[in-house]
Amino acid sequence: MGRSRRTIPEELLLLALDPATGTTAQPQSLDLGLAGAQLVELALAGRIAPDGDRIAVVMPRPTGDPTLDSALELLRRRGSPVRAVHWIGGPRLGLRQIYLSHLERCGMVHAVAGQMCGVLPTTRYQATETAISRDIRSRLDSAIRTGVPPDPRTAALAALAHAVGLGKHLYPGNEGRSSRSRLRDLIRHDPMGGLVAHAVMDVQNGAAAQPRRNPAPGGRPPAVPMQPHRGSMARVAAH
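None of these values were measured; they are calculated from a predicted model.

**Considerations on the pairing of strand β2 (residues 54-57)**
Then, in step 1: By the bridge criterion, four bridges tie strand β1 (residues 48-51) to β2 in an arrangement that is antiparallel. Bridge pairing in β2 links I48 to V57.
Then, in step 2: Where β1 hands over to β2, the hairpin turn is made up of two residues, of which G52 adopts a positive phi near 70°.
Then, in step 3: As defined by bridge partners, β2 adjoins strand β3 (residues 82-83) across two bridges and the pair is classed as antiparallel. By the bridge assignment, R54 is partnered in β3 with R83.

**Some points on helix α2 (residues 27-44)**
Then, in step 1: Compared with the 26 Å implied by 1.5 Å per residue over 18 residues, the 25 Å span of α2 between its first and last C-alpha is a close match.
Then, in step 2: Within α2, 15 of the 18 residues are buried, which leaves it mostly tucked inside the rest of the structure.
Then, in step 3: Within two residues after α2, G46 carries a phi angle of roughly 80°, on the positive side.

What counts, and at which threshold
Residues numbered from 1 in each chain as written. Predicted model: local features only at pLDDT ≥ 70, side-chain atom pairs only at ≥ 80, totals over all residues. Heavy atoms only, no water. Pairing = 2+ DSSP bridges. Helix = DSSP H or I, 4+ residues; strand = E, 2+ residues; numbered from the N terminus. Expected span 1.5 Å × (residues − 1). Buried < 20%, exposed > 50% of the residue type's maximum accessible area, 1.4 Å probe, protein only.

This is the structure:
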C-alpha cells in the first residue's frame, strides 16, 4: 500500500488528537475504533469482506503495512468468518499506543515527555504535519456542510468518529449539535463502515454476546454511550 495516503486508523487517531493538550479524546473507546478502522482499511484493500455481520478473509496477501498485516494474519488464523463485534471487542491493549508510535516514526507526531503531579511520567503527542490533519478535518466538514455523499473512506471515517464519540470533540456545544447529527447520518454511506461502527457501539453497550439487530429504518444508529471499555489501555501517557 502506498504511503501517499494515510490509513483510516491513522486518520481517526489524528482526528482524536487534541492539538492544544497533546492528548487523545475518548481514549477508552478509541482502541475499539482503531480496531474497527483496521477492518475498514483491509476491506478497502480487498483483503476482507463482510459476510452478514461477520468478516471473512478473501485475500490473505499482505498489504505491506505491518500493523494492518498483523490484524489480517490474526483474522486468517481464525479459519472462518468472525463476527465484527467479537473481533472489535477482543483484547486490544495498546493499539492506540502502537499507532501513536507509528505516527511518530513517520514524522506525523512528536512525543513530549512530562510529569503528572510532578511524579508520574507522561508522554503527550503533538502533530507535526498539521496540513494533513487539516485536510482530514476538511473532508469531514465538507461532507457535513454540503450533504454530498462522501467517498467511502470519508464516510467510514465519519462513521467511526461518531461511533467512538468524537462528535463532541470535533463539533462542541449547542452550535455543533446539527453537525454532530449530520456526522452520525454519514454512517449510511458506506456499508462496511456502518457495519464496523455499529459493532463498535455494540461493544460499548455490552452487546457483544447478542446477535446484531438490523438497524432501524433510515440507518440511524443508536446513541454512543460514554462508558469506559474495560479492555482499554490504562497507560497515562496517551489519554
